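# Structure assessment
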Amino acid sequence: MLRPVLYAVFISSAIALPETGWYPKYHIAPQHGWMNDPNGLIYFQGFYHVFWQYNPAAPQWGLMHWGHARSPDLLTWEHLPIALAPSLPGDIDGAFSGSAVLLNETLTLIYTGVSENGTRQVQMVATSQDGVAFEKLGVVIGGNESNFRDPKAWWQDGSWYVVIGAQTADERGQVSLYSSPDFFNWTPQGVLAQADPSLGYMWECPDFFSLEGKQVLVVNPQGIQSKGEDFQNLFQTGYFVGSWAPGGNFAVERGFRELDHGHDFYASQTFEAPDGRRLEIGWLGMWESQFPENASGWAGMLSLPRELTLSDQGDLEVRPLREIQSLRTERLEVPQTLHIAPGGGVAILQNISHSEVALDFKLHNSSSNSFAIQLTKESFERDGGAQVHVDRNCSRVFLERHYPAYNITRSSRSVAVNLTGNLSLDIFIDGSSMEVFVNDGQAVMSSRIYPDAELRTFLITAQNGSVAVDRLKVWDL
Ligand code: FRU
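This structure is a prediction, so every number in the text was calculated from the model and none was measured.

Attention now moves to the site of the ligand. If you check the shell around the ligand, you find N36, D37, Q53, W61, M64, F96, S97, R149, D150, E204, Y266 and W287 and nothing else. Note that an oxygen atom of the ligand is positioned 3.0 Å from one of the side-chain N or O atoms of W61. At a separation of 3.1 Å, an oxygen atom of the ligand approaches a polar backbone atom of S97. In isolation the ligand has 320 Å² of accessible area, and contact with the protein removes 95% of it. Every element with two or more residues in the shell around the ligand is listed here: strand 1 (33–44), strand 5 (94–103) and strand 9 (149–156). Of the residues contributing to the shell around the ligand, the split by class is five nonpolar, three polar and four charged.

Below, the structure written as structure tokens:
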């Protein structure tokens, strides 16, 4: 009998797949098959390693493997053989998300093994000497739980720790904490954090790290109700800020807030770069999203690596990885202030495919209270596409998209921004993604976009007044 995996390979090489221009150049995406969460981020023997939830058999979620790529600089990625495939009784129904540590010079993964038709989740370990071939060592934290997954491990003060996403008996999200002297024998250390009834029935992919003297807990709750402009996606990635030391409780000082405000960002993971920066990569996707690229045999991509810092007020600041600047080839610099007349739309450039667009506005120079940066044909309203819409009436920046040809109905996501002074936008476009960084770290919005070739013109439009663009630069990356 033909096994499903071979069948899929046969199909994809036998038929011509559509060329859409959606495959990214400087983001990680599967060459074929399906991708969700980033896993096991680590720097090991001169390479950054990124793994991901991977279904090699089809461009949709299925039997989870760990896909794998490495890079010397986080910019150019070499795809490597599958790192983990279901093979043991404990992971026969899937190798779910997890993390990586360096254990006695060995690259060591801790991940969730799924069995019994997805109802049993245990934590398992695999190691690699060369960072390419992995040997499984089996279950290290057992049990019979059906919602007990996504271990994130670290070393601190002479001990290993791991946080695991879990659920309380009355179905609220929870993070469980374990410790170990050797990474193999783990002792429960109780509950690190628990959802109040408004914060979801299950917390996936927890992450716990110190930043600027505080402790940050990132969780991905399932089941939060949307509230006004907040929590608009099916599930969210968000964070708490507090304090913690080994042996103590996590004392929350700032409650749950979203980490990214776009349509497609989930299950992020952080790691420490060799120079001490806290870097984060997320899945540019959401379970309700369409993934029309699957007609070309692949689905899903990861975000740009981002640098995380914490402001004095306890807000996470998110900036694009600074190394990205080395990819820049200048395409356009507007040396003097560019004035957009009321009601006017100015087409700036065509064929924006793999680019960075940076704009600064001194808002006291602009009388318009509603202006937009669009990636469309001639008009977002008429032709669809994507736009970053700045609305000074409600002090919010919106990321809106509309691709009716791919069943993506018009919808927006937004974030509150103080729009009385200066506004800077740093927008990264890579085939089928748009990541909008607002005010140098203040907020980020990430969405997948699906422009056909004619929907790649970059325009600026102004309503009810004029807009002065004080700095405009475009680079191809
Ligand atoms: C989050 C998640 C994880 C799980 C993985 C399965 O997106 O549901 O909790 O480990 O995806 O692919």
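We now examine the layout of surface pockets. Approximately 650 Å³ is the volume found for the largest pocket. Along its surface, the largest pocket is lined by 26 residues, and A153, W154, W155, E272 and R278 are the ones closest to its centre. Sorting the residues of the lining of the largest pocket by element identifies strand 1, strand 5, strand 9, strand 13 (202–211) and strand 17 (266–272) as the ones contributing at least two each. A total of five residues in the lining of the largest pocket trace back to one element, the largest contributor, which is strand 9. Looking at side-chain class alone, the lining of the largest pocket contains 15 nonpolar, eight polar and three charged residues. Considered as a void within the structure, the second largest pocket measures approximately 470 Å³ in volume. Around the second largest pocket, the lining comprises 21 residues; the ones closest to its centre are R257, E258, H261, V415 and Q442. Breaking the lining of the second largest pocket down by element, the ones donating at least two residues are strand 16 (251–258), strand 21 (316–320), strand 29 (408–416) and strand 32 (443–448). Taken together, domain 1 (33–323) and domain 2 (328–476) each give at least three residues to the lining of the second largest pocket, which thus spans both.

The strand order across the open sheet built from four strands is 13-14-15-16, with neighbouring strands paired in antiparallel fashion. The open sheet is flanked by strand 13 and strand 16, the only strands paired with a single partner. This sheet shows a mean twist of 20° between the axes of neighbouring strands, independent of strand direction. Alignment of strand 14 (residues 214–222) against strand 15 (residues 238–243), held across five bridges, turns out to be antiparallel. Bridge pairing links Q215 to G242 in strand 15.

Turning our attention to the domain arrangement of the protein. Considered domain by domain, the protein is made up of domain 1 (33–323) and domain 2 (328–476). If you average the C-alpha positions of domain 1 and of domain 2, the two centres end up 31 Å apart. Of the residues lining the interface, 29 residues belong to domain 1; the matching set on domain 2 comes to 27 residues. Buried area between domain 1 and domain 2, summed over both chains or domains, comes out near 2300 Å², and the portion from carbon and sulfur atoms is 53%. Together, E229, H261 and H263 form the three largest contributors to the area buried by domain 1 at its contact with domain 2, with a combined 29%. At the junction of domain 1 and domain 2, the tally comes to four salt bridges. At the junction of domain 1 with domain 2, the criterion picks out 17 residue pairs in polar contact (both at pLDDT 80 or more). Sort the elements by how many residues they give to the side of domain 1 that touches domain 2 and strand 21 lands first, with five residues. The residue makeup of the side of domain 1 that touches domain 2, split by class, is 11 nonpolar, nine polar and nine charged.

What counts as what
- Residues numbered from 1 in each chain as written.
- Predicted model: local features only at pLDDT ≥ 70, side-chain atom pairs only at ≥ 80, totals over all residues.
- Heavy atoms only, no water.
- Near = heavy atom within 4 Å.
- Polar contact = N/O pair within 3.5 Å; in protein donor to acceptor, adjacent residues only side chain to side chain.
- Areas by Shrake-Rupley, 256 points an atom, 1.4 Å probe, with all protein chains shown as cover.
- Helix = DSSP H or I, 4+ residues; strand = E, 2+ residues; numbered from the N terminus.
- Nonpolar A, V, L, I, M, F, W, Y, C, P; charged D, E, K, R; others polar.
- 1 Å grid on protein atoms, 1.4 Å probe; cavity = no way out; pocket = protein on both sides within 12 Å on 5 of 7 lines; lining within 4 Å.
- Points joined across faces, edges and corners; volume = space filled by probe spheres on them.
- Domains from an automatic or database assignment.
- Pairing = 2+ DSSP bridges.
- Axes fitted to C-alpha atoms, helices over the stretch in contact; angles between N-to-C directions.
- Contact = heavy atoms within 4.5 Å.
- Buried area = accessible area lost by both parts, 1.4 Å probe.
- Salt bridge = Lys/Arg side-chain N within 4 Å of Asp/Glu carboxyl O.

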